[in-house]
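For reference, the chains in residue letters:
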Amino acid sequence: QIAHGSYGIAVAAGAGLMVRRFGYCVNVALIAALFFLVIRGVVWQMASAETDIPLATFSIAAFISYLAWREHRVAGLGVLFGLMIGGMILTKYTGFAVALSFGALVIYDMAKAGKKMTFDLIGPAVAMFVVLPHMIRNMILTDNPVFPLFNSVFNPDKVNPYGSVSGELGTGRGLIDFLTAPWNIFIVPMQYFDGMVVGAPYLLAFIPFIFLDRERRKQWVPLFPACAIYFLIWFFVLTHQVRFLMPLMPLMAAMAAAGTAIMWQRVRGNN
C-alpha cells in the first residue's frame, strides 16, 4: 500500500511534467498534479493494493517518453518507451489496450519516416522483449499466452474466468450508450458503473478550453487519437469498470489543467 501511494505521487508528477513539456508554467503543472490526486479512485487506490495506479504510472511515463522520442528520434528514448510499455503490460493486462492506443501514432510516424521506418520499431521491439518471457511461461502453464484473457479462444473447452462479467456494468454498448458514457461515468456512477471512481466532471469541463490556445493546441493533438482508441477498446472490449480508465486520467488531468490556465487568461483578458 505504501508503494502504491508512492506510485500515485509519481503519476501526479508525470501529469505536471506533461504540461511543463508543452511550455506551461509551474503553477499549471501543480494544478495538473492536483487534478489527478483529487480523483476519487486515485485517493482510494493509493491506499490499496489495486494495480491501476502503477499502471497509470507506466502509462504517463510512456506518453512522455514517446513524445520526447518523436521530437529527438534518439534510440535511447525509443528503448525507454518500450520499457515503459512492457512494464505497463506486466503490471496489468489492461496495458495491452494502452499499448494498442499508441498504434495510430506509431503507424503515422512510420509512414512519415519512409525508408527509416525500421527505427520506429525500437520501442515495440523492446516492449515485446520485456513481455515475451511472461507470455511464454503462460503458454507453457495454460496454453494461453495472455491467460486469463481470451481463454475461451485459446482453450474453448475450459473455464472462461471473465465470461459472465462483461455485461454487468454500464448502460449498454449501443451508439447512444457510447456517446453518453463520458458523462455518465461522472454523473451516474453508482447506478451503472463500479462506484464513484472519478467524482465531479471538472475534467470534462476544462479540457475543451485547450482548443482556444492556438499556439499549443497542435502539441495536444497526438494525445487525442491515443485517448480515443483506448476509450473505444474500454467501451467495446473491456468490462465497463471506470477504474480501467485510470491510464487516461493523468493525461486528462494535464489537459484540464492547461484548459483551466487558458480559460483564466481569457477571463483576465476580458477584465
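As a starting point, this report considers the structure included with it.

1. Quick word on the overall build of the chain
Check the secondary structure of the chain and you find 15 helices and 0 strands. Over its C-alpha atoms the chain spans a radius of gyration of 19 Å, differing by no more than 12% from the 18 Å that the globule rule assigns to 271 residues. Each principal axis of the C-alpha distribution contributes one length, and for the chain these read about 70 × 50 × 40 Å. Within the chain, contacts between residues separated by at least 24 positions form 70% of all contacts whose residues are at least 6 apart in sequence. For the chain, the computed accessible surface area is about 13600 Å², with 68% contributed by carbon and sulfur atoms. Distance between charge centres in the chain, computed from 19 positive and 12 negative side chains, equals 12 Å.

2. Thoughts on helix α1 (residues 2-21)
With 20 residues, α1 should cover 28 Å at 1.5 Å per step; its first-to-last C-alpha distance of 29 Å lies within 8% of that length. Within the span of α1, buried status applies to H4, G5, G8, V11, A12, G14, A15, G16, M18 and V19. Looking at the buried residues of α1, the elements they touch are α2 (26-37), α3 (40-45), α4 (52-72), α13 (217-220), α14 (223-236) and α15 (249-269). Positive backbone phi, approximately 95 degrees, marks G23, located one or two places after α1.

3. Focus on the pattern of salt bridges
Taken as a whole, this structure holds 6 salt bridges when the rule is applied. Its salt-bridge partner being R21, residue E71 comes within 2.7 Å of it at the nearest N-O pair. Residue E71 is found in helix α4, and its partner R21 is found in helix α1; the two are separated by 50 residues along the sequence. Take E71: its relative accessible area is 55%, and that puts it in the exposed class. One salt bridge in this structure joins K92 and D52, with 2.8 Å as the shortest N-O distance. With K92 in the loop between α5 (75-91) and α6 (95-101) and D52 in helix α4, this residue pair connects regions lying 40 residues apart in the sequence. One continuous salt-bridge network, built from bridges that share partners, spans E50, D52, K92 and R243.

4. Concerning a nonpolar patch on the surface
Taken together, the side chains of F150, V153, F154, L232, F236 and V237 define a hydrophobic patch exposed on the protein surface, amounting to about 580 Å² of accessible area. Those elements that place two or more of their residues in the nonpolar patch are α9 (151-154) and α14. If you trace the backbone, F236 turns up in helix α14. We classify F236 as partly exposed; its relative accessible area is 44%.

5. Describing a positive patch on the surface
The grouping of R214, R217, K218 and R266 at the surface amounts to a positive patch. As for its placement among the helices and strands, R266 is situated in helix α15. On the basis of relative accessibility, which here comes to 42%, the residue R266 falls in the partly exposed class.

6. As for the nonpolar core
The biggest cluster of nonpolar side chains holds 79 residues, and the ones touching the most others in it are M18, F36, F102 and W220. Take this core: its biggest share by element is 11 residues, from α15. Beyond its immediate stretch of four places on either side in the chain, W220 contacts M18, V19, F22, Y24, I210, A254, M255 and A258.

7. Regarding the side chain of T239
In this structure, T239 sits in the loop between α14 and α15. Relative accessible area serves as the criterion here: at 12%, T239 is assigned to the buried category. Side-chain polar atoms of T239 contact the side chain of Q241, separated by 2.6 Å.

8. With respect to the packing of aromatic side chains
We describe a pair of aromatic rings using the distance from one ring centre to the other and the angle between the two ring planes. Counted by the stated rule, this structure contains 17 aromatic pairs. Each ring, one from F22 and one from W220, has its centre 4.5 Å from the other, and the planes form 85 degrees; the classification is edge-to-face. Of this pair, F22 sits in the loop between α1 and α2 while W220 sits in helix α13; the two residues are 198 residues apart in sequence, bridging distant segments of the chain. Like W220, F22 is buried. Ring centres of Y24 and W220 lie 6.3 Å apart, and the angle between their planes is 40 degrees; on these two criteria the pair is classed as tilted. Placement of the pair is Y24 in the loop between α1 and α2 and W220 in helix α13, with a sequence separation of 196 residues. Judged by relative accessible area, W220 falls into the buried class, the value being 0%. Taken together, the ring pairs in this structure connect F63, Y66, W69, F81 and F102 into an aromatic cluster. Stacked on the ring of Y24, the Lys or Arg R216 has its end atom at 4.3 Å from the ring centre.

Conventions and cut-offs
Residues numbered from 1 in each chain as written. Predicted model: local features only at pLDDT ≥ 70, side-chain atom pairs only at ≥ 80, totals over all residues. Heavy atoms only, no water. Helix = DSSP H or I, 4+ residues; strand = E, 2+ residues; numbered from the N terminus. Rg over C-alpha atoms; globule rule 2.2 N^0.38 Å. Contact = heavy atoms within 4.5 Å. Areas by Shrake-Rupley, 256 points an atom, 1.4 Å probe, with all protein chains shown as cover. Lys, Arg positive; Asp, Glu negative; His and termini not counted. Charge placed at Lys NZ, Arg CZ, Asp CG, Glu CD. Expected span 1.5 Å × (residues − 1). Buried < 20%, exposed > 50% of the residue type's maximum accessible area, 1.4 Å probe, protein only. Salt bridge = Lys/Arg side-chain N within 4 Å of Asp/Glu carboxyl O. Patch = residues over 30% accessible without salt bridge, like charges linked within 9 Å, V, L, I, M, F, W, Y side chains within 5 Å. Core = buried A, V, L, I, M, F, W, Y, C linked by side-chain atoms within 4.5 Å. Polar contact = N/O pair within 3.5 Å; in protein donor to acceptor, adjacent residues only side chain to side chain. Phe/Tyr/Trp six-rings, centres within 6.5 Å; stacked < 30°, edge-to-face > 60°. Lys NZ or Arg CZ within 6 Å of the ring centre and 35° of its normal.

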